[in-house]
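Each chain, letter by letter, is given below.
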2 protein chains.
Amino acid sequence: MATAGGIGEFELIARVFAPLAAEGALGLTDDAAFYRPRPGRDLVLTKDEVVSGVHFFADDPWDAVARKALRVNLSDLAAKGALPVGYLLALGLPKDFTVDQIDALGAGLASDQKAYGISLYGGDTVRSPAGLTLSVTAIGEVEEGGMVRRGGARPGDIIVVTGTIGDAALGLALRLDSALSMRLGLSDAQRDHLLDRYLLPCPRGALARAVAACASGGMDISDGLVGDLGKMAAASGVAIEIDADRVPLSDAARAAAVADPRLFAVALTGGDDYELALSIPEAKVDAFLTAADDAGIGATPIGRAGRGEGVAVRGDHPALAELGSGSYRHF
Amino acid sequence: MATAGGIGEFELIARVFAPLAAEGALGLTDDAAFYRPRPGRDLVLTKDEVVSGVHFFADDPWDAVARKALRVNLSDLAAKGALPVGYLLALGLPKDFTVDQIDALGAGLASDQKAYGISLYGGDTVRSPAGLTLSVTAIGEVEEGGMVRRGGARPGDIIVVTGTIGDAALGLALRLDSALSMRLGLSDAQRDHLLDRYLLPCPRGALARAVAACASGGMDISDGLVGDLGKMAAASGVAIEIDADRVPLSDAARAAAVADPRLFAVALTGGDDYELALSIPEAKVDAFLTAADDAGIGATPIGRAGRGEGVAVRGDHPALAELGSGSYRHF
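Residues numbered from 1 in each chain as written. Chains lettered and ligands numbered in written order. Predicted model: local features only at pLDDT ≥ 70, side-chain atom pairs only at ≥ 80, totals over all residues.

**Q** What is the right way to look at the overall build of chain A in this model?
**A** Looking only at helices and strands, one finds 11 helices and 11 strands in chain A. For chain A, the C-alpha radius of gyration of 20 Å lies close to 20 Å, the compact-globule estimate for 331 residues. Principal-axis analysis of the C-alpha atoms gives chain A an extent of 60 × 55 × 35 Å. Here chain A holds 331 residues, and the buried ones make up 56% of them. Considering only contacts in chain A between residues 6 or more positions apart, those separated by 24 or more positions represent 88%. (Helix = DSSP H or I, 4+ residues; strand = E, 2+ residues; numbered from the N terminus. Rg over C-alpha atoms; globule rule 2.2 N^0.38 Å. Buried ≥ 20, exposed ≤ 12 C-beta atoms within 10 Å, placed from the backbone. Contact = placed C-beta atoms within 7 Å.)

This is the structure:
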């Protein structure tokens, strides 16, 4: 495979990945990298893989795919209140990749490394028989003992979500049915907003410090709001009740849900939001909302944790009858 | 995919992976794990992925595949003089996996976790369209500044390898040609030794402290002795000269190379040894050899680093003419 795509593994590393390497990665000329933790910090470790045909479309541009692979991991760090440090990448390359594709992938990584202040600590390049795969391990830091846990929600906490919910799931629906946008009467801008939100998540790392300062429990919403809140409720040993009418929707998602009310259920249960779902003690909610506004992201209280178990979605929207405890599963 | 193999993702995690989790992995009920580094230590990070049909055979038993995936990473840590701490695993599962296979995989991981004193810090489970894949990120620790580097070899150092060389490459040759063992006149025990060495590497973690104490430079031999020494020479800015007659061969490899002299070149250039190639200052060689003997692994001086560049293999074996700078490349 030394000439796959006209470029061998060593040339690939030198050309694409060495410029992305952290100091401890020694230019990626070693089998391993070192990292010197700062005193008084815990490391936060997370690992998410994306697979062609499962987590993205085979014809998605490789710069976007690379950024998505990074961002789904950075989203996990943000939800834990962790500041990102770096990542390792195992790249599975199909036989017929091109130098243009690999350069695009490198450019996507470089752009996001700069945007998020991280660098590459190593990885591996393998042949992938079925298409592009990216397995990322991301490393972040919190103050010792400070990782915000999924199981940290307490009765009385307010449930807050960042940004808007459901855009990516609706974007995926538009990708799967090219006539849907027209049937829903969406404007080009509305359609593009939803498609973009599916293609490229926006991890809320800008809020990591506020998460660490304010949240008692947290996770990112990757498998659908309702299902993920169910996981938070189970891990925390609480009940969570949300008000469907308070779930923040983008203008585009709102237009879609007005045109076809069933899409409201898609928004509440579909995956790939990569927004944060946080449980925040009442006294700290205002501080968090202010931080989210200052960051230009916004955050919205949508409900409350209480004694009991499970998730209840209150509201009289007709689509709610179909909800159940639906959670989007990649697997 | 919730019912793939008759087992959903959450059940899979609870059944197979949660029992393997480190304390900081919170029973794998969170999106991330935390790890509190010990003061005065650097972390050593490495990431190697194995792919069905590329790094192992599709019909290899899953317990062996899981152990191989772990061990190729632990081998990197050993070469860096690092003591293993834990790992993260992204598991790509084919559609038609069975519960027996996944239980075998879990048992293989559990067995090696115990053997090597490590635990699981998280990961991801995805659908893999083309067959089983395991992407492991391993974490080790060294004294601050103590990671042994590929580029650390110095002129005058002695080049030492652990164990025996070439077994795995010959085992692969036997896998690919079921009549080869008989043509070579190998005994069943010799054949099984070579096959086992391909199936299941033995990372030399028992020597990590000795590596850290003695070696100026080091790497594991994963892509073939000659080629990997070439990488060490290049990274270190030295020339390396080895004596082919001193390269340690197992009884089985020696028998194979006597029966077919070309197989001597396969042994020197084939991949998957997962032995250590170390550059050791002359004054520390005896200490390292003693440690290797005490560990029951053994180590052998095979040459020397000097001024210049490249790798020279001395000897009058007829197979040496074919060597070139051959290095097995997975990719």
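**Q** Is there a simple way to think about the relation of the copies chain A and chain B in this case?
**A** Superposing the two chain copies requires a rotation about an axis and a translation along that axis. Of the transformation placing chain A onto chain B, the axial shift is 0.0 Å and the rotation is 180°, giving an RMSD of 0.0 Å. The superposition operator between the copies reduces to a two-fold rotation axis. When C-alpha positions in chain A are compared against the rotation axis, the closest is assigned to A:Ala130, at 2.6 Å. A high fraction, 100%, of the interface residues of chain A reappear at the interface in chain B, so the copies pair face to face through one surface. (Least-squares fit on C-alpha atoms with pLDDT ≥ 70 in both.)

**Q** Teacher, can you tell me more about the interface of chain A and chain B here?
**A** The extent of an interface is frequently quoted as the accessible surface area lost upon association of the parts. Taken residue by residue, the interface counts 56 residues in chain A and 56 residues in chain B. Broken down by secondary-structure element, the contributors of at least two residues to the side of chain A that touches chain B are strand S1 (33-35), strand S2 (41-51), helix H2 (62-79), strand S3 (83-93), strand S4 (119-127), strand S5 (133-143) and strand S7 (217-221) of chain A. A class-by-class count of the residues in the side of chain A that touches chain B yields 26 nonpolar, 13 polar and 17 charged. Where S2(A) lies against strand S1 (residues 33-35) of chain B, 3 bridges are found, and the strand directions are antiparallel. Considered in S1(B), the bridge of A:Leu43 is made with B:Tyr35. (Nonpolar A, V, L, I, M, F, W, Y, C, P; charged D, E, K, R; others polar. Pairing = 2+ DSSP bridges.)

**Q** What exactly am I supposed to notice about the domain arrangement of chain A here?
**A** Residues and elements named next belong to chain A. Domain annotation for chain A reports domain 1 (4-143) and domain 2 (150-322). Each of domain 1 and domain 2 has a C-alpha centre, and these two points are 27 Å apart. On the side of domain 2, 18 residues touch domain 1, which itself brings 20 residues to the contact. Where the side of domain 1 that touches domain 2 is concerned, the elements lending two or more residues are H2 and S3. Sorting elements by how many residues they give to the side of domain 1 that touches domain 2 places H2 first, with 11 residues. For the side of domain 1 that touches domain 2, the per-class residue count stands at 12 nonpolar, 2 polar and 6 charged. (Domains from an automatic or database assignment.)

**Q** Before we go on, may I ask you to explain the sheet that holds strand S7 (residues 217-221) of chain B in this structure?
**A** Residues and elements named next belong to chain B. The strand order S7-S9-S6-S10-S8-S11 describes an open sheet built from 6 strands, whose pairing is mixed. Only two strands of the sheet have a single neighbouring strand rather than two, namely S7 and strand S11 (310-314). Across the sheet, the mean angle from the axis of one strand to that of its neighbour is 25°, orientation sign disregarded. In the sheet, strand S8 (residues 239-243) pairs with strand S10 (residues 299-306) via 4 bridges, with the strands oriented antiparallel. The residue bridging Glu241 from the neighbouring strand is Arg304, located in S10. Most of the contacts of helix H2 (residues 62-79) go to S7, to which it runs at about 165°, and overall it touches S7 and strand S9 (275-280). Its contacts with the sheet place helix H11 (residues 282-294) against strand S6 (158-162), S9 and S10, and it is angled at close to 10° to S6. (Axes fitted to C-alpha atoms, helices over the stretch in contact; angles between N-to-C directions.)

**Q** Looking at this structure, how should I read the nonpolar core?
**A** What tends to happen in soluble globular proteins is that the nonpolar side chains get buried as a cluster. Core analysis: the largest hydrophobic core is formed by 223 residues, its most contacted members being A:Val211 and B:Val211. Every residue in contact with A:Val211, bar those within four places of it in the chain, is listed here: A:Ala78, A:Ala79, A:Gly81, A:Val148, A:Gly218, A:Leu276 and A:Leu278. (Core = buried A, V, L, I, M, F, W, Y, C linked by C-beta atoms within 7 Å.)

**Q** I would appreciate a short explanation of the pairing of S10(B) in the present structure.
**A** The side chains of a regular strand alternate between the sheet's two faces. The pairing of S6(B) with S10(B) spans 5 bridges and is antiparallel. Looking at the pairing, B:Val161 lines up with B:Thr300 of S10(B).

**Q** Explain the packing of helix H6 (residues 188-199) of chain B against helix H9 (residues 251-259) of chain B here, please?
**A** Helix packing geometry: the angle between the two helix axes and the distance between the axes. All names here are of chain B. Packing of H6 against H9 brings their axes to within 8 Å, and their N-to-C directions diverge by 105°. As the angle between them shows, H6 and H9 are arranged roughly perpendicular. Contact with H6, carried on its side by Gln190, His193 and Leu194, involves Asp251, Ala252, Ala253 and Ala255 of H9 and no other residues of that element. Each residue belonging to the contact of H6 with H9 can be placed in one class, and the counts come to 4 nonpolar, 2 polar and 1 charged. (Parallel < 35°, antiparallel > 145°, perpendicular 65-115°, else oblique.)

**Q** Whenever I open this one, unusual backbone geometry confuses me. Can you help?
**A** Excluding glycine, residues mostly have negative phi values, and the peptide bonds linking residues are mostly trans. Residues and elements named next belong to chain B. Even without being a glycine, Asp272 presents a positive backbone phi close to 70°. The residue Asp272 is located in the loop between helix H10 (262-269) and S9 in this model. For Asp272, a count of 24 C-beta atoms within 10 Å puts it in the buried group. At Tyr274, a residue that is not glycine, the phi angle is positive and equals roughly 55°. Position of Tyr274 relative to the elements: it lies in the loop between H10 and S9.

**Q** Looking at this structure, how should I read the sheet that holds strand S2 (residues 41-51) of chain B?
**A** Through backbone hydrogen bonds, the strands of a sheet pair up, either in parallel or in antiparallel fashion. Spatially, 5 strands are ordered S1(A)-S2(B)-S5(B)-S3(B)-S4(B) in an open sheet, and the strand pairing comes out mixed. Pairing within the sheet leaves two strands with one partner each, and these edge strands are S1 of chain A together with strand S4 (119-127) of chain B. Ignoring strand direction, the axes of neighbouring strands in this sheet form an average angle of 20°.

**Q** I would appreciate a short explanation of helix H9 (residues 251-259) of chain A in the present structure.
**A** Each turn of an α-helix holds 3.6 residues, which means side chains three or four residues apart point in the same direction. Residue and element names in this part refer to chain A. Here H9 has its buried residues at Ala252, Ala253, Ala256 and Ala257. The buried residues of H9 occupy an angular sector of 130° when projected down its axis, which confines them to one face. For H9, the elements touching its buried residues are helix H4 (167-176), helix H5 (180-184), helix H6 (188-199) and helix H10 (262-269). (Arc of directions from axis to C-beta.)

**Q** Would you mind showing me how to read the pairing of S4(A) here?
**A** Residue and element names in this part refer to chain A. Here S4 lies mainly inside the structure; 7 of its 9 residues are buried. Two elements, S3 and S4, share 7 bridges in a ladder whose sense is parallel. Residue pairing across strands places Tyr87 opposite Leu120, the latter belonging to S4.

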